[in-house]
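Letter by letter, the chains look like this.
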Amino acid sequence: MSAAGRLPLAPAATFHKAAASREQGATEAKGWAQLAPRIEVPALHGQIFLPDRQLLAYEDVFATGRCELLMGDVIALADRDPAERPRLNHLVDGVCADLRAAAEETGKRVPLADCVPDLYLDRIRPGGRLDRWHLRRDLPIALPHTETTLTLRELADFTLTANGRQLTLNAADIIDSLRHALAPDRRWLAGLTQGDPTEPNVADPLCWLDFEFAGRNTAVGEAANLLWYLMALGGWLVPDYQPDVYARTLRLALPPQTRPRIEHLELNQRSRHIDVRYSWNTGPGRSAAIIRALDGLRGEGGTALEEIHAFLALRILGVIPAARLTGHDLLLVLIKLAESQDPLTTLDAFFTTTGTSPQPR
């Protein structure tokens, strides 16, 4: 059917999102329909079929005045002005409440294979994104504060002490363990959710955007996605390594105030040991958002995040290719990866930040 035939009454304040195929467009529209009765979403006015692509016509919540900013913008404002903190708290609380309600009201234990595959099984399968990005054993890593470069394979043979804790940086072993933990037939609590709870996909006042991954998603996978975005992607890795995405999605795109730093690194080639001292600097607003989200996702009893570790590792590895990161940044990512899989790591310790604005870059 023609565009005019399918969309005769579409208002002017419409956002057109491209879908790669009719099948993907139909899947997204179905996901939107599953969520629309439960959470705040933009209206879906219809679909437009063009010769080379398909468009989904959504309400433009910013043009209609329904929303003003995105979560990433609200965090940036709260980093700069404590008076913005209540607004941020309210938004984070709403996001966590929606995710908890999805698990409570629509959740059931299902095999991982029954969940939306893009964020889970498609990334972890042999030959998939994680293998392509992180199993290049000859990938060079220039160690900061030294004149030494090690390959990813050589780094796995070293022990490492990070802020006083001994870890092993073996990405290949961790990926192998993830395949066992995230087997297609293993059952998880999964509810109907938006599927990608990140700072560009949550508008303020609360409205969920982008339904490409909407459908049945694991509760802990959603939590891992949100928490790692708050911790590392939103304020650091995305603006640094995907600046076009950052500038295109956020309304304000203010300079981020997150800057993790390796402050000290000592390499002992003879004992095959690396000693690292690092800090995770964020603005005060982002630090508060991380703490509030962690508490909000735990829910009553504090047991909701017990199985998060495998999904957290998948998120750490599955967004930015290792080859694109500087040696300094890749080492920090690998340290957080190792911490995420260490049974002695508590979530409170993992998500600890300084909560103060870093020095200018």
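Whatever comes next refers back to the structure up there.
Everything numeric here is computed off the predicted structure, so don't read it as measured data. Along each chain, residues carry numbers from 1 onward, in the same order as the chain's sequence is written. Note on the predicted model: pLDDT of at least 70 is required for a residue's local features to be given, and 80 or more for side-chain atom pairs to be given and counted; whole-chain, interface and lining totals, by contrast, use all residues. Side-chain measures were taken over the full set of non-hydrogen atoms in the model, leaving aside hydrogen atoms and water.

Going along the chain from the N terminus, every DSSP run of H or I of four or more residues is numbered as a helix, and every run of E of two or more is numbered as a strand. Along the chain, the regular secondary structure elements total 14 helices and 15 strands. Computed over C-alpha atoms, the radius of gyration of the chain comes to 21 Å, within 12% of the 21 Å expected from 2.2 N^0.38 for 361 residues, which places it in the range of a compact globule. Projected onto the principal axes, the alpha-carbon positions of the chain cover approximately 75 × 45 × 45 Å. Summary of the burial criterion: residues with accessible area below 20% of their type's maximum are buried, those above 50% are exposed, and those between are partly exposed, where the area comes from a 1.4 Å probe applied to protein chains only. The buried share of the chain, taken over its 361 residues, is 55%. Throughout, a residue-residue contact means that at least one pair of heavy atoms, one from each residue, lies within 4.5 Å. Pairs at least 24 residues apart make up 75% of the contacts formed inside the chain by residues separated by at least 6 positions. For accessible areas, the Shrake-Rupley method is used with a probe of radius 1.4 Å. Any residue's cover is judged against the shown protein chains and nothing else. Accessible area for the chain stands at about 15700 Å²; split by element, carbon and sulfur atoms hold 51% of it. Asp and Glu are treated as the negative residues and Lys and Arg as the positive ones, with His and the ends of the chain left uncounted. By convention, the charge on Lys lies at NZ, on Arg at CZ, on Asp at CG and on Glu at CD. Between the averaged position of the 39 positive side-chain charges in the chain and that of its 45 negative side-chain charges there is a distance of 3 Å. C-alpha atoms define the radius of gyration in this analysis, and the globule rule sets the expected value at 2.2 Å times the number of residues to the power 0.38.

By convention, a stacked pair of Phe, Tyr or Trp rings (six-membered ring in the case of Trp) has centres within 6.5 Å and planes under 30 degrees apart, an edge-to-face pair has planes over 60 apart, and any other such pair is tilted. All chains considered together, the criterion is met by 8 aromatic pairs. When the ring of phenylalanine 350 is compared with that of phenylalanine 351, the centres are 4.9 Å apart and the planes differ by 80°; the resulting orientation is edge-to-face. Charge over a ring is defined by NZ of Lys or CZ of Arg lying within 6 Å of the ring centre and within 35 degrees of the ring normal. Seen from the ring of tryptophan 280, lysine 336 lies directly overhead, with NZ or CZ sitting 5.3 Å from the centre.

For this analysis, a salt bridge means a side-chain nitrogen from Lys or Arg found within 4 Å of a carboxyl oxygen belonging to Asp or Glu. Summed over the entire model, instances satisfying the criterion amount to 22 salt bridges. Here glutamate 199 and arginine 286 are joined by a salt bridge, their closest N and O atoms 2.7 Å apart. Here the residue glutamate 199 occupies a position in the loop between strand E10 (187–193) and strand E11 (202–204), and arginine 286 occupies one in helix H11 (residues 284–298), the gap between them amounting to 87 residues. Of the residues examined, arginine 286 reaches a relative accessible area of 4% and is grouped as buried. Each of Glu68, Glu84, Arg87 and Asp204 takes part in a single network of salt bridges with overlapping partners.

This brings us to the sheet that holds strand E4 (residues 69–70). Sheet architecture is open: 3 strands sit in the order E4-E11-E12, paired in antiparallel fashion. At either end of the open sheet lies a strand with only one pairing partner, and these are E4 and strand E12 (207–208). Two strands pair when backbone bridges link them, and E11 and E12 are joined in this way by 2 bridges, in the antiparallel orientation. Bridging from a neighbouring strand, alanine 203 pairs with cysteine 207 of E12. Fitted lines through C-alpha atoms give the axes, limited to the stretch in contact for helices. The angle between two N-to-C directions lies from 0 to 180 degrees. Packed onto the sheet, helix H4 (residues 85–106) meets E4, E11 and E12 and runs at close to 140° relative to E11. Any two strands with at least two DSSP-identified bridges between them are counted as paired.

So, about the environment of proline 205. Within the secondary structure, proline 205 is located in the loop between E11 and E12. According to the relative accessible area criterion, proline 205 is partly exposed, its value standing at 48%. Distance from proline 205 to histidine 90, taken between C-alpha atoms, is 9.0 Å for residues 115 residues apart in sequence. Sequence-distant contacts of proline 205, that is, excluding residues within four places in its chain, are made with Arg66, Cys67 and Glu68.

One can find asparagine 170 in the loop between strand E9 (165–168) and helix H8 (171–181). Here asparagine 170 falls in the buried class, since its relative accessible area comes to 14%.

Now for the pairing of strand E8 (residues 159–162). Here is the key point about a regular strand: its side chains alternate between the two faces of the sheet. With 4 bridges joining them, E8 and E9 adopt antiparallel strand pairing. Within the sheet, the bridge partner assigned to leucine 160 lies in E9 and is leucine 167. Across 4 bridges, the pairing between E8 and strand E15 (residues 273–281) is parallel. Of the residues in E15, the one forming a bridge with threonine 159 is histidine 273.

Strand order in this open sheet of 3 strands is E5-E10-E13, and the pairing throughout is antiparallel. The sheet terminates laterally at strand E5 (108–111) and strand E13 (215–218), the two strands that pair on one side only. Direction aside, the axes of adjacent strands within the sheet are offset by 55° on average. Bridge analysis of E5 against E10 gives 4 bridges, and the strand direction is antiparallel. Counterpart to lysine 108 in the pairing with E10 is alanine 190. With respect to the sheet, helix H9 (residues 219–241) is in contact with E10 and E13, its orientation differing from that of E13 by roughly 75°.

With 8 of its 9 residues buried, helix H12 (residues 309–317) lies for the most part within the structure. Listed as buried for H12 are Ala310, Phe311, Leu312, Ala313, Leu314, Arg315, Ile316 and Leu317.

Let's shift gears to the packing of H8 against helix H13 (residues 327–341). Between H8 and H13, the shortest axis-to-axis distance is 11 Å and the interhelical angle comes to 40°. Of the possible angle classes, the one that applies to H8 and H13 is oblique. As for the relative orientation of H8 and H13, their crossing is left-handed in sense. Between H8, through Ala171, Ile174 and Leu178, and H13, the contact on the second element is made entirely by Leu334, Leu337, Ala338 and Gln341. Partitioning the contact of H8 with H13 into residue classes produces 6 nonpolar, 1 polar and no charged. Any angle from 65 to 115 degrees is called roughly perpendicular, while one under 35 is roughly parallel, one over 145 is roughly antiparallel, and all others are oblique. If you view the pair so one helix is near and one far, a crossing is left-handed when the near helix is turned anticlockwise from the far one by less than a right angle, and right-handed when it is turned clockwise. For this classification, the nonpolar set comprises Ala, Val, Leu, Ile, Met, Phe, Trp, Tyr, Cys and Pro, the charged set comprises Asp, Glu, Lys and Arg, and every other residue, Gly included, is treated as polar.

Everything listed here is a matter of coordinates, which is why it stays silent on function.
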